[in-house]
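Working through the structure, step by step
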Amino acid sequence: QSALTQPASVSGSPGQSVTISCTGTSSDVGGFNYVSWHQQHPGKAPKLMIYDVSNRPSGVSNRFSGSKSANTASLTISGLQAEDEAVYYCSSYTSSSTLVFGGGTKLTVL
Amino acid sequence: QVQLVQSGSELKEPGASVKVSCKASGHSLSSHAMNWVRQAPGQGPEWMGWINTNTGIPTYAQGFTGRFVFSLDTSVSTAYLQISSLQSEDTAVYYCTRADYGDHNRLDSWGQGTMVTVSS
């Protein structure tokens, strides 16, 4: 199973919105509504931010939202804050009953 | 408060074995599937597989068969990852992370990670 494709980096100024894409195939992202997004700060464990394409766990800011179209999922962060600077990973359930992660996108808050 | 607490960093020589523990607190170990994820230095996470915490039956991802073993000790609410015949390529942070049985990609709680370094 190949890793999902994410841009290596994105950036935005405080208060702006950014969108991170995650492209897979019809065997993973496109085939199931089981796409998640995780935030990882340096030296820390990943933290679940979005699951099932667009659901937020309790305690996650509503500035984070998710969507999907065909084989591409997206994470949008609105009202950027300095604390949002991190690496973001998408993951998806697959037709082989496995999980696959993306390569990660480094978000820089300018 | 749901927590997964992992054992500390390990430094091992090539060919040795290592056993990483992951203790669940704040919830019943059997309530969720336990996944294991590897993250090599500077790389993204890689799913290694999962273990059914009710039956003890493991499922291994491609590339993690043979030298990798998932196990449980339900009496102490702990899951284990054992890696044998360690190679330099096994140097990574290993995470345990739980998931809903009905939604295997809802990895809603992660251990703090265990750094395993393989070096002579």
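What comes next concerns the included structure. Source: prediction; values computed, not measured.

1. Looking at the overall build of chain A
For chain A, the count of helices and strands is 0 helices and 9 strands. Along chain A, helices (α) and strands (β) appear in the sequence β-β-β-β-β-β-β-β-β when read from the amino end. Since a compact globule built from 110 residues should have a radius of gyration of about 13 Å, the 13 Å found for chain A is in line with a globular shape. The C-alpha extent of chain A, read off along each of the three principal axes, is 40 × 25 × 25 Å. Every one of the 110 residues in chain A was classed for burial, and the buried ones make up 46%. Here the contacts in chain A between residues at least 6 apart in sequence split such that 56% fall between residues at least 24 apart. Of the roughly 4,800 Å² of accessible surface on chain A, a fraction of 45% belongs to carbon and sulfur atoms.

2. Notes on the pairing of strand β4 (residues 47-50) of chain A
Residue and element names in this part refer to chain A. As defined by bridge partners, strand β3 (residues 35-40) adjoins β4 across 3 bridges and the pair is classed as antiparallel. Counted as the bridge partner of Trp 37 is Ile 50 from β4. Adjacent in sequence and paired antiparallel, β3 and β4 are bridged by 6 residues, among which Gly 43 carries a positive phi angle near 75 degrees.

3. Structural notes on the pattern of salt bridges
Residues and elements named next belong to chain B. Inspection of every chain in the model, using the stated rule, returns 6 salt bridges over all chains. The residue Asp 108 makes a salt bridge to Arg 98 at a minimum N-O spacing of 2.8 Å. Note that Asp 108 is positioned in strand β10 (residues 103-110) and Arg 98 in strand β9 (residues 92-100), a separation of 10 residues in sequence. A residue is classified by how much of its surface remains accessible, and Asp 108, at 29% relative accessible area, is partly exposed. One salt-bridge network, held together by shared partners, links Arg 38, Glu 46, Arg 67 and Asp 90.

4. Some remarks on the sheet that holds strand β5 (residues 64-69) of chain A
The strands making up a sheet associate through hydrogen bonds between their backbones, and the pairing can be parallel or antiparallel. Residues and elements named next belong to chain A. The sheet built from 3 strands is open, its strands ordered β2-β6-β5 with antiparallel pairing. Strand pairing shows two members of the sheet lacking a second neighbour, β2 (18-23) and β5, which therefore form its edges. Each adjacent strand pair in this sheet contributes to an overall mean axis angle of 20 degrees, direction not counted. Two elements, β5 and strand β6 (residues 72-77), share 6 bridges in a ladder whose sense is antiparallel. In the strand pairing of β6, Phe 64 is matched with Ile 77.

5. Here's the deal with the interface of chain B and chain A
At the junction of the two partners, chain B supplies 19 residues and chain A supplies 21 residues. A buried area of about 1,500 Å², summed over both sides, lies between chain B and chain A, and 60% of it is on carbon and sulfur atoms. Between chain B and chain A we count 0 salt bridges in total. Taken together, chain B and chain A are joined by 8 residue pairs in polar contact (both at pLDDT 80 or more). The element contributing the most residues to the side of chain B that touches chain A is β10 of chain B, with 7 residues. Tallied by class, residues from the side of chain B that touches chain A come to 6 nonpolar, 9 polar and 4 charged.

What counts and how
- Residues numbered from 1 in each chain as written.
- Chains lettered and ligands numbered in written order.
- Predicted model: local features only at pLDDT ≥ 70, side-chain atom pairs only at ≥ 80, totals over all residues.
- Heavy atoms only, no water.
- Helix = DSSP H or I, 4+ residues; strand = E, 2+ residues; numbered from the N terminus.
- Rg over C-alpha atoms; globule rule 2.2 N^0.38 Å.
- Buried < 20%, exposed > 50% of the residue type's maximum accessible area, 1.4 Å probe, protein only.
- Contact = heavy atoms within 4.5 Å.
- Areas by Shrake-Rupley, 256 points an atom, 1.4 Å probe, with all protein chains shown as cover.
- Pairing = 2+ DSSP bridges.
- Salt bridge = Lys/Arg side-chain N within 4 Å of Asp/Glu carboxyl O.
- Axes fitted to C-alpha atoms, helices over the stretch in contact; angles between N-to-C directions.
- Buried area = accessible area lost by both parts, 1.4 Å probe.
- Polar contact = N/O pair within 3.5 Å; in protein donor to acceptor, adjacent residues only side chain to side chain.
- Nonpolar A, V, L, I, M, F, W, Y, C, P; charged D, E, K, R; others polar.

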